[in-house]
Amino acid sequence: MRTDLYIGNAWRRATAEEVFAVVNPATEELLAEVQHAGPADVDAAVLAARACFDGKDWQSLPPRKRGAMLYRAGELLTERRDEMAALETRQNGKPLFESKIDVNMTIETLKYYAGWTDKYAGNLVPVESGDFVFTDRVPLGVVGAIVPWNFPLNLASWKFVPALAAGCTVILKPASETPLTALLMAEIMEAAGFPAGAFNVLPGGGSTTGSALVKHPGVDKISFTGSTAVGKQVMRDAAETVKRVTLELGGKSPNIIFADADLKSAVRGAQNGIFYGKGEVCAAGSRLLVQKSVHDQVVEELAQRAKKLIPGDPFDKNTRLGAVVSKKQQETVLSYIEAGKADGATLVAGGNAATVNGKGYFVEATVFDAAKPGMRIVDEEIFGPVLAVVSFDDVEEGIALANETIYGLAAGIWTKDITKALKVARAVRAGTVWVNTYNLYDSAAPFGGFKQSGYGRDLGREALDGYTDSKTVWVGLK
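The notes below deal with the structure included here. (Residues numbered from 1 in each chain as written. Predicted model: local features only at pLDDT ≥ 70, side-chain atom pairs only at ≥ 80, totals over all residues. Heavy atoms only, no water.)

## Focus: the layout of surface pockets
- Considering only enclosed or pocket space, the largest pocket measures out at about 990 Å³ in volume.
- Per-element accounting of the lining of the largest pocket gives the leading share, six residues, to helix H9 (residues 228–239).
- Here the lining of the largest pocket is built from residues that sort into 16 nonpolar, 16 polar and five charged. (1 Å grid on protein atoms, 1.4 Å probe; cavity = no way out; pocket = protein on both sides within 12 Å on 5 of 7 lines; lining within 4 Å. Points joined across faces, edges and corners; volume = space filled by probe spheres on them. Helix = DSSP H or I, 4+ residues; strand = E, 2+ residues; numbered from the N terminus. Nonpolar A, V, L, I, M, F, W, Y, C, P; charged D, E, K, R; others polar.)

## So, empty space enclosed by the protein
- Evaluation of the coordinates by the stated rule reveals two cavities of 30 Å³ or more.
- In terms of lining, the largest cavity is formed by 13 residues, of which the most central are Gly279, Ala284, Ser286, Ile382 and Phe383.
- By residue class, the composition of the lining of the largest cavity is seven nonpolar, four polar and two charged.
- As for the second largest cavity, its lining consists of 13 residues, of which Pro254, Tyr407, Gly408, Ala410 and Arg429 are closest to the centre.

## Description of the sheet that holds strand E6 (residues 132–139)
- In spatial order, the strands read E5-E6-E22; together these three strands make up an open sheet with antiparallel pairing. Both edges of this open sheet fall to strand E5 (124–125) and strand E22 (468–475), since each of them pairs with a single strand only.
- Bridge count between E6 and E22: eight bridges; the pairing is antiparallel. Its bridge partner lying in E22, Val133 is registered against Trp474. (Pairing = 2+ DSSP bridges.)

## Observations regarding the pairing of strand E12 (residues 254–257)
- Going residue by residue along E12, you find Pro254 and Ile256 tucked away on one face and Asn255 and Ile257 tucked away on the opposite face as well.
- As judged from the four bridges shared by E12 and strand E13 (residues 287–291), these two strands associate in the parallel manner. Each bridged residue has a counterpart across the sheet, and for Ile256 the counterpart in E13 is Leu289.
- Note that the unit made of E12, helix H10 (residues 263–275) and E13 has a crossover that is right-handed. (Buried < 20%, exposed > 50% of the residue type's maximum accessible area, 1.4 Å probe, protein only. Right-handed = clockwise from strand over helix to strand, strands pointing away.)

## What to know about unusual backbone geometry
- Not every positive phi belongs to a glycine, and Asn9 is a case in point at roughly 60 degrees.
- Following the sequence through the fold, Asn9 ends up in the loop between strand E1 (5–7) and strand E2 (10–12).
- Residues other than glycine seldom take positive phi values, yet Glu28 does so here, at roughly 65 degrees.
- Here Glu28 shows up in the loop between strand E3 (19–23) and strand E4 (30–35).

Purely spatial values, then, with no claim about function.
As structure tokens, then:
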């Protein structure tokens, strides 16, 4: 298990010899002590990434060969898929079947962008003078990718893969709770042929390693996924050097069930929308808006489903609710549950901490009914397995409630009426709107938020726009 910093295709200890602990949240066992990158280590990584970016080998590398490296990384990750998934589960606490999905999508992302490297380009521009004018898409340079602990490897790939495909070099800072799969990925990237400095990994804390990376004048772009509060600080710090910034931030996504929906599917979708990933999902459908005429039926069925989701050993094939990522996060989730009770919402399922074999940071699948805007469980992102159910009368009220939030990351709509679905999808202010499904992702489908859920996009062709700049070349023909 790798625990050192990875800089310029070399493993090294942190300059200050500082380490931090990585704990298995399901067993409370120490997994590893990992080197903590400090400012001097950030300097070293930036120098390595810059030297690679400016070097003739990287600059002259044909895009198709860069694509071949990404594709090879996908093949190598496929060979180590089980190892990577098990490591993800040990550090994050999610069920193993979820970790396997995450690794499979990472493989898909590597291979998807491998196909873009020789197809992403500028355009010919017809100008009035008749001169020959075209635009070129050029890589921004050194990219700092800062990722959270909920999908440690998968969300990292949403950033470092398109950045490399675009011709940038990357410094990846994984979350301090979950750095181990990023370090294992470094082995794979080197084996795939990426030269020294193209891909670097700096484990460490956000307020130290992350802050130094954002403030560093040698970094051209920061791509950040995390809380809105930290995202605002990233914006402030990046402004000092006018860095490009992509932010995928918090969410309090509405999942709207209309009376004419297939209720069986809708309830399953509501369950998946909040309890998949233990609710530690930026786009979690944490506000369930239910039309009043079907409200009681939906809440009763959902409560019964929640009660059957028993927290369990993440390596048990039958487990569908793992441990939240840390003791601190467990305490945060439980404090929101207490706030829901105090604010007058009705607890209909769950609401307690749990253990497995006397250990672990588990929280029961929790459902609150009779929730209203203004309650903390309705307005604030909890990042745990806690659902707030709000009822509404008609389409207009449903839309209004959906948009009554500072966030705008995702939304779900459940109805058999396609006209209604399209009307609501257009009216809801969210970057992704699922209709009669929830929590589906694909490397080709852009993902990102509106409002205080951030700006810029991961995935799809649009992600490449965020790692390149447009250069206009004007050739006079007279």
